[in-house]
Amino acid sequence: MRDHQDLPITPDFDPWPMVEARSVEAQDGALRITWADGEVSLHHPLLLAENDPADGVLHPLSRETLLSPTDFPEDLAVTGATVLSNGAIEVAWSHGRPPSQFHPGWLRGNAWFGEAGDDINPVLWTAKELPEPPSFDGPAALENPALFRDWLTALRDYGVARLTGLPNRDGLLVEIGEQIGTIRASNFGKTFTLEVKDDPDSNAYTSHPLPGHIDLPTRECSPGLQVLFCRENSTTGGEGTYADAYRIAEDIRAEEPEHFAALAEINWTYNNRAKTTSYKATGPVVDLDAEGRITSVRYNTWLRAPLVAPLEDQDRAYKSYRAFAKRAEDPRYQMLVTYRAGDLFAFDNRRALHGRRGYNAQGGARFIEGFYSDRDDLYSAIRMCDRQLATEV
Ligand SMILES: [Fe+2]
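Since we're looking at a predicted model, the values are computed, not measured.

**Focus: the overall build of the chain**
Along the chain, the regular secondary structure elements total nine helices and 20 strands. Considered along the principal axes of its C-alpha atoms, the chain spans approximately 80 × 55 × 40 Å. Taken over 393 residues, the chain has a buried fraction of 34%. In the chain, of all internal contacts separated by at least 6 residues, the share reaching a separation of at least 24 is 73%.

As C-alpha cells, this is what we get:
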C-alpha cells in the first residue's frame, strides 16, 4: 500500500491505496463510479464538495474543511466526471463551480457498499474460551510496532490482554501509557499504587477480596481503559479475576430477558465515599446503542448509592442486579490470574470486570501500579500502528 504523490490530497493523513476506476459518470446529481473489480459506488455531491482538496475548501496542512454547509448550494449537483491519466477522478459541478479532483482510494474507502465498516467487533468469552489473557512479550512488544499493534488489537477485541517480562523500573508505566495515548488522571492521581493504606479511600486500598467490578462508575463517562502493572509480588493470595461483562449480559439477555430489560432500563447512581471528593454518576448497568448492541457496563457493588425510585422499580432493579452478580461471581465466567512481577494487564474498564482474591499483606511485598485511559486512545493507537505499518510496506 503506497500513497501516490501525484494524486490529490485527502481530508486525513491515512495512506489510501491506489484503486482503479473503470468508468465514472454523473447520476442524478451524484457521482457514480464503476470500479475495476466490478463494484459500483455512489457519492453524494455535498459530501464531495465539502471534502474537495482544493485550496480554500480544505486547509492543506490541517486537512480540515474551511467551509460551512451554508457555503454550498443545497441543490449542488455533479454534472460529469472523468478518470484522469494519474487515476484521480475529476468531477464537474453545477452552479459554475470549478472542477474538483479526488483520490480514488479515498473515494473507494468511504463508499457505501451495503454496510458500514466497523473495526470494533468484541469477541465474547467465558473462562472456558479464554482461560488466560492473550499474552505478549513485553519488551519486544514495546519495540516492535507490529507486535505492539497485536497486543492492542487483542485488548480491543477481548477486552483484556497482558504483557509479560517487563522490567521493574520507575517511569516505565507512564511511558507505556504515553506510547498508547494519554493517561487520564483521576482523584487517585495520574497513576495509582494498589497498596494497603491506613486510611483507605477505596476498598482497593485494603487486602480484602474485591468482587468483579468496573472502576470509577462514579464518573459521567467511566474510563474505557485501565492498566495494572505488577512490579513486585511476594505475597500469598491476591490472584486477579477478569470476566467479560458483555458475555454475562448477553447470556442474561438470552436466558433471563426480564432481568436484561431491567439492567438496561433502570438507572443506578454510583457515588464514591471519599472524605475530600464527592463524585456521582447515574446510568443503567448495561448500556445499549440504537441497534441494541451492548456498548458499556456500569457495575460496582460497593459504590452504588441508595436507589431513589418507586418500590416496584427497586424490586426489579435489585432482582436484576442480583442476577448479574450471580453470574459475575460464577467461576464459569472468571479468568483467574496470578500477578507475577513483570506482568502488565490492560483491560477495557467498561467491559472487563476485574476483581481480586484477598491476600496477606504481612506475608511479603506487593507492588501494583496502574493508570486509566480511554478507549479512544487505544483505538487511535491501533490506527496509528496500522498507518505506520502500511507506509513501511
Ligand atoms: Fe478496581
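**Things to note about helix α5 (residues 172-180)**
Where α5 is concerned, the buried positions are L173, I176, G177 and I180. On an axial view of α5, the arc spanned by its buried residues comes to 100°, and they lie on one face. Across α5 from its buried face, at more than 90 degrees, point the exposed residues E175 and Q179. On its buried side, α5 packs onto α3 (138-143), β11 (225-233), β20 (366-373) and α9 (375-392).

**A word on unusual backbone geometry**
Its identity is not glycine, yet D28 carries a phi of approximately 50°, on the positive side. In this structure, H95 takes a positive phi of about 60° despite not being glycine. Tracing the backbone shows H95 in the loop between β5 (89-93) and β6 (100-102). Taking the number of C-beta atoms within 10 Å as the measure of exposure, H95 has 10 and is therefore exposed.

**Observations regarding the environment of S186**
With respect to the secondary-structure elements, S186 resides in the loop between α5 and β9 (192-194). Along the chain, S186 and L216 lie 30 residues apart, while their C-alpha atoms are 8.9 Å from each other.

**A closer look at the sheet that holds β6**
Taken in spatial order, the three strands line up as β4-β5-β6 in an open sheet, and their pairing is antiparallel. Of all strands in the sheet, those bounded by a partner on one side alone are β4 (78-83) and β6. The mean angle between the axes of side-by-side strands here comes to 25°, regardless of whether they run parallel or antiparallel. Bridge count between β5 and β6: three bridges; the pairing is antiparallel. Its bridge partner lying in β6, V91 is registered against S100.

**Some remarks on the nonpolar core**
Grouped burial of nonpolar side chains is what soluble globular proteins tend to show. In terms of nonpolar packing, the biggest core is built from 61 residues, with A245 and A249 touching the most fellow members. Beyond its immediate chain neighbours, meaning those up to four positions away, A245 contacts V297, Y299, R351, A352 and L353. V78, A88, W106 and L107 belong to the second largest nonpolar core, which has 16 residues in total.

**Brief notes about the packing of helix α6 (residues 245-255) against helix α7 (residues 257-265)**
Two numbers describe how α6 lies on α7: the axes approach to 5 Å, and their chain directions differ by 130°. Here α6 lies oblique to α7, going by the angle between them. Between α6, through A249, I252 and R253, and α7, the contact on the second element is made entirely by P257, H259, F260 and L263. Residue composition of the contact of α6 with α7, grouped by class: five nonpolar, one polar and one charged.

**Remarks on the sheet that holds β11**
Read from one edge of the open sheet, six strands run β7-β8-β18-β11-β20-β9, paired in mixed fashion. Each edge of the open sheet is held by one strand with a lone partner, namely β7 (135-137) and β9. Sheet twist, expressed as the average angle between the axes of neighbouring strands with direction ignored, equals 25°. Packing against the sheet, helix α4 (residues 145-158) makes contact with β7, β8 (160-164) and β18 (344-347), and its axis sits at approximately 150° to β8. The strands touched by α5 within the sheet are β11 and β20, with β20 carrying the most contacts at an inclination of about 25°.

**Here's the deal with the pairing of β11**
Among the nine residues in β11, seven count as buried, and that is most of the element. Taken together, the eight bridges between β11 and β20 define a ladder with antiparallel strand orientation. Bridging from a neighbouring strand, F229 pairs with E369 of β20.

**Structural notes on the domain arrangement of the chain**
Domain annotation for the chain reports domain 1 (21-117) and domain 2 (135-387). Computed over C-alpha atoms only, the centres of domain 1 and domain 2 are separated by 44 Å.

**Regarding the environment of P134**
Along the polypeptide, P134 turns up in the loop between α2 (104-109) and β7. Exposure remark for P134: the 15 C-beta atoms within 10 Å place this residue in the partly exposed category. Put simply, P134 and L173 are 39 residues apart on the chain and 19 Å apart in space, counted from C-alpha to C-alpha. Leaving out residues up to four positions away in the same chain, P134 has contacts with A154, Y158 and A161.

**Section: α7**
Taken together, the buried positions of α7 are occupied by H259, F260, A262 and L263. Taken around the axis of α7, the buried residues stretch over an arc of 165°, which confines them to a single face. For α7, the exposed residues set more than 90 degrees away from the buried face come down to P257 and E258. Those residues of α7 that are buried are in contact with α6, β14 (280-284), β15 (286-288) and α8 (311-328).

**Let's talk about the pairing of strand β2 (residues 30-35)**
Inspection of the sheet shows strand β1 (residues 21-27) paired to β2 by six bridges, in the antiparallel sense. Looking across to β2, one finds that A21 is bridged to W35. Remark: two residues form the turn of the hairpin made by β1 and β2, two consecutive strands paired antiparallel; D28 in that turn has positive phi of roughly 50°. Here β2 pairs with strand β3 (residues 40-43) via four bridges, running antiparallel.

About the criteria used
- Residues numbered from 1 in each chain as written.
- Predicted model: local features only at pLDDT ≥ 70, side-chain atom pairs only at ≥ 80, totals over all residues.
- Helix = DSSP H or I, 4+ residues; strand = E, 2+ residues; numbered from the N terminus.
- Buried ≥ 20, exposed ≤ 12 C-beta atoms within 10 Å, placed from the backbone.
- Contact = placed C-beta atoms within 7 Å.
- Arc of directions from axis to C-beta.
- Pairing = 2+ DSSP bridges.
- Axes fitted to C-alpha atoms, helices over the stretch in contact; angles between N-to-C directions.
- Core = buried A, V, L, I, M, F, W, Y, C linked by C-beta atoms within 7 Å.
- Parallel < 35°, antiparallel > 145°, perpendicular 65-115°, else oblique.
- Nonpolar A, V, L, I, M, F, W, Y, C, P; charged D, E, K, R; others polar.
- Domains from an automatic or database assignment.

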